[in-house]
Amino acid sequence: MTDLLATSPETWRDRSLDPPVIPPELVPPADATPLERNRALWARHDLRRRRAEAVYDASRNPDRGWPVSGNRAVLTFFRDLLTSRRGMFAALVVLNALAAAAGLVVPRLLGELVNTTVDGGGRSLDELALVIIGVVLLQAALTFVAQRTSTLFGQDLLSTAREFIVRTILRLPLGAVETASTGDLVTRVTRDVGTMSRSVQYGLPMAIISLLTVLLSVGAMLLNSVVLAVPALLTFATSSWAVRSYLRRAPKGYITEGATYSRINTTLTETVEGARTVEALGLSGARVRAGDDDIVVSAQAERYGMTLRNILFMALNFAFQTPRVITLLVGAYAYSRGWVDLGQITAAVLYVEALSDPLDRLIGEVDRLQVGAASTSRLLGIAEVRPDREAGERLPDGVELRGEDLRFAYREGHDVLHGVDLRIGVGERLAIVGPSGSGKSTLGRLLSGINRPRTGSASVGGVELVDLPLEVLRTEVALVTQEHHVFIGSVRDNIVLAREGSTDDDVREALSAVGSLLWVERLPQGLDTMIGSGRFALTPAQAQQVALARLIIADPHTLVLDEATSLIDPRTARTLEGSMNNLLEGRTVVAIAHRLHTAHDADRIAVVIDGRIVELGSHHELIDLDGEYAGLWRAWTS
Ligand SMILES: Nc1ncnc2c1ncn2[C@@H]1O[C@H](COP(=O)(O)OP(=O)(O)OP(=O)(O)O)[C@@H](O)[C@H]1O
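This is a predicted model, so every value here is computed, not measured.

A. Quick peek at the overall build of the chain. In terms of helices and strands, the chain carries 22 helices and 12 strands. The buried share of the chain, taken over its 638 residues, is 37%.

B. Summary view of the sheet that holds strand 1 (residues 401-411). Read from one edge of the open sheet, 4 strands run 2-1-4-5, paired in antiparallel fashion. At either end of the open sheet lies a strand with only one pairing partner, and these are strand 2 (414-424) and strand 5 (463-464). In this structure, strand 1 lies alongside strand 2, joined through 8 bridges in antiparallel fashion. Across the sheet, the residue bridging to Phe408 is Leu417, located in strand 2. Sheet strands touched by helix 13 (residues 440-447): strand 1, strand 2 and strand 4 (455-460). Its angle to strand 1, the strand with the most contacts, is close to 120 degrees.

C. How the structure looks around the sheet that holds strand 9 (residues 558-562). Strand order across the open sheet formed by 6 strands is 6-9-10-3-11-12, with mixed pairing between neighbours. Each having just a single partner strand, strand 6 (477-480) and strand 12 (612-617) make up the two edges of the open sheet. Neighbour to neighbour, the strand axes of the sheet diverge by 20 degrees on average, direction disregarded. By the bridge criterion, 4 bridges tie strand 3 (residues 429-433) to strand 11 (residues 604-609) in an arrangement that is parallel. Within the sheet, the bridge partner assigned to Leu430 lies in strand 11 and is Arg604. This element, helix 13, spans strand 3, strand 6, strand 9, strand 10 (588-592) and strand 11 of the sheet and lies at about 155 degrees to strand 10. With respect to the sheet, helix 22 (residues 628-637) is in contact with strand 3, strand 11 and strand 12, its orientation differing from that of strand 11 by roughly 95 degrees.

D. Quick look at the environment of Ala354. Within the secondary structure, Ala354 is located in helix 12 (residues 342-383). We classify Ala354 as buried; it has 20 C-beta atoms within 10 Å. Distance from Ala354 to Gly103, taken between C-alpha atoms, is 9.2 Å for residues 251 residues apart in sequence.

E. Molecular detail of the nonpolar core. Ala431, Ile432, Ile495, Ala549 and Ile605 are the most contacted members of the largest nonpolar core, which has 64 residues in total. At 7 residues, the largest contribution of residues to this core is made by helix 18 (residues 540-554). Residues within four places of Ala431 in sequence aside, it is in contact with Ala591, Ala593, Thr598, Ala599, Ala602 and Ile605. Membership of the second largest hydrophobic core comes to 63 residues, among which are Ala250, Ala301, Ala319 and Ala354.

F. Expanded view of the environment of Val243. Tracing the backbone through its elements, the reader meets Val243 in helix 9 (residues 240-273). In this structure the C-alpha to C-alpha distance between Val243 and Arg309, which are 66 residues apart in sequence, comes to 9.8 Å.

G. Inspection of the site of the ligand at higher detail. All residues adjacent to the ligand are Glu178, Thr179, Tyr410, Val416, Gly434, Ser436, Gly437, Ser438, Gly439, Lys440, Ser441 and Thr442. At the level of elements, helix 6 (174-179) and helix 13 are the ones that each hand at least two residues to the shell around the ligand. Examining the composition of the shell around the ligand, we find that 3 residues originate from one element, helix 13, more than from any other. Here the residues of the shell around the ligand sort into 2 nonpolar, 8 polar and 2 charged.

H. Molecular detail of unusual backbone geometry. With a phi angle near 50 degrees, Asp405 is a residue other than glycine that sits in the positive phi range. Looking at where Asp405 falls in the secondary structure, it is placed in strand 1. Classification of Asp405 as partly exposed rests on a count of 13 C-beta atoms within 10 Å. One non-glycine residue with positive phi stands out, namely Asp626, at about 60 degrees.

I. Quick look at the packing of helix 3 (residues 71-83) against helix 12. Interaxial distance between helix 3 and helix 12 falls to 9 Å at its minimum, and their mutual angle equals 100 degrees. As the angle between them shows, helix 3 and helix 12 are arranged roughly perpendicular. Facing helix 3, whose interface residues are Ala73, Val74 and Phe77, helix 12 presents Ala373, Thr376, Ser377 and Leu380. Of the residues assigned to the contact of helix 3 with helix 12, the class counts are 5 nonpolar, 2 polar and no charged.

J. Fine view of helix 7 (residues 182-224). If you check helix 7, its first and last C-alpha atoms are 59 Å apart, about what 43 residues at 1.5 Å a residue would give, namely 63 Å. By the largest-angle criterion, Gly203 marks the main kink of helix 7, which is about 35 degrees, and a proline, Pro205, follows within four residues.

K. Seen up close, the packing of helix 9 against helix 11 (residues 284-336). Where helix 9 contacts helix 11, the axes come no closer than 9 Å and their chain directions differ by 160 degrees. Considering the angle they form, helix 9 stands roughly antiparallel to helix 11. Crossing geometry of helix 9 relative to helix 11 is assigned as left-handed. Class assignment of the residues belonging to the contact of helix 9 with helix 11 gives a composition of 18 nonpolar, 8 polar and 6 charged.

L. A look at the pairing of strand 1. Here strand 1 folds back onto strand 2, and the loop between the two strands holds 2 residues, one of which, Gly413, carries a positive phi near 85 degrees. Pairing geometry for strand 1 and strand 4, over 5 bridges, is antiparallel. Residue pairing across strands places Glu404 opposite Ser457, the latter belonging to strand 4.

M. Up close: the pairing of strand 6. Of the two faces of strand 6, the one carrying Val477 and Leu479 and the one carrying Ala478 and Val480 are both buried. Here strand 6 pairs with strand 9 via 4 bridges, running parallel. When the sheet's bridge partners are listed, Ala478 is paired in strand 9 with Leu559.

Parameters and conventions
- Residues numbered from 1 in each chain as written.
- Predicted model: local features only at pLDDT ≥ 70, side-chain atom pairs only at ≥ 80, totals over all residues.
- Helix = DSSP H or I, 4+ residues; strand = E, 2+ residues; numbered from the N terminus.
- Buried ≥ 20, exposed ≤ 12 C-beta atoms within 10 Å, placed from the backbone.
- Pairing = 2+ DSSP bridges.
- Contact = placed C-beta atoms within 7 Å.
- Axes fitted to C-alpha atoms, helices over the stretch in contact; angles between N-to-C directions.
- Core = buried A, V, L, I, M, F, W, Y, C linked by C-beta atoms within 7 Å.
- Near = placed C-beta within 6 Å.
- Nonpolar A, V, L, I, M, F, W, Y, C, P; charged D, E, K, R; others polar.
- Parallel < 35°, antiparallel > 145°, perpendicular 65-115°, else oblique.
- Expected span 1.5 Å × (residues − 1).
- Bend = angle between axes of the 7 residues up to and from the residue.
- Left-handed = near helix turned anticlockwise from the far one by under 90°.

Take a look at the structure:
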């Protein structure tokens, strides 16, 4: 559960960051001179840069959430994506180079056309017109095929990248998902996956195509006339500082933007999850202020990124516009000296004109790639979280569940279990009781292989639970909580996912065992009825029964029940009691008992106080002992 009290006072002010307001001295008065306004503008930009860097540094601190990968990891990721499909990549390069080359022939032909018109000689006008039409048609055909290849290539890259992300997320240790920020994870798997997808699907192929076109165009300009190529090359070279400075700053800016979106989502998720606490403790003002802070910081991060882009585009605009004029001037001079003819000047101006489009696109795509790279580094950061288990080869020899010297800490140095030893007999019903916060649920999680104990061992049939492959583990021990998720799919899909290959007969048998076959068969499409978010709505009891049927199919020999019915209303609880009893039949059961009558009926009761088992025995033995359990029992029955 979200600890709202711990997080609500935490705003950007508590994270050693500047307060998210612009100090008054940086806002010039109405009568300020243009110079003063300009100075204040740069000071504000500098402030935003420092904030962006502080947020960036904070977002890279692993103690503050999910990690963020470095540039090297992002480059390796993109390189691996490209080299894993060399054939398609080569086809993309060759086809686009051919299409671009065909496009570059046209200005030369137009130059020739000018020369023929002015001086006569060479090929006839008709002949030239036919060649130009032929080249334009060829270029159109090549462009069509090249673009089709680029689209397929982009989609192929995208599907591989998405599969990688899904696999990464699915293998995240549950403990990490529970302790790290949900808002950040949600932002990464929604916004960042979207941004990365766009840059992989369109940005990467388009950047490659634009780069090819730019390189070929520069080659064609040099072939046409070195003198006439100089103005364009010089202005491009001088504006490269703007590109370099942008490329140096943009990644931080974009990663910062991502971190601020995560923060907005985190605050929002916490507020929604803890709505009752917010209401009960009157925290709404504080939550609104925290949200406002997040939005202001995010807007500033966006403004910082926007300013970087504006400076870049201004410099590039200059670089694109200037050569048009200078080429003409240099052309006139060179023509007067007899260094070039009119055809070469025409071709040079057309090349400069034609170059601005792919250059513009190249810069746009590089920007898109920067945004994508920032998102990719946040997504690859998730992959840096080490798995908490590595499935071994050994399979259990027997079905006895044992805990030995179990210790566990959610936070380093704060053990909540202090050396618990517990051996559960086959077919036994063991109840775990104790005051709130004593460690019962934690013990249940270790005994069902959800978490790895910090020290000691939780094993079944002599093999550590966390060393078992997940599909084996869930057929040995399963944790049953009141959280039951209905997946989008048919009733059948929801049940067979516990054991692939189950037949309809198995599903019916499982449904019948939990007393649900009748209502399922009465559904509009029976087993094929689609359920889950927005589909046919099941009642809470029906949803729980589907979850129990799933467990019957998984058929674990041991069940750990944690509050299985405590949050369910009494009527639903009565409906489920029969289903539950059928599920428990013939299995070993560890029940974390919140109501003592469950404990009363158990074979043995373990009393957990402050992370230790202080009493262990049957109800009557513990009553006779007149210790902790007897006290709890008296309090409960009085
Ligand atoms: N995800 C978590 N992160 C940090 N601390 C946790 C987490 N879950 C539990 N704890 C702490 O561990 C201790 C044991 O909690 P646990 O939930 O195991 O107790 P419990 O006996 O099951 O309590 P309850 O009956 O209230 O559910 C408590 O101090 C609790 O605050």
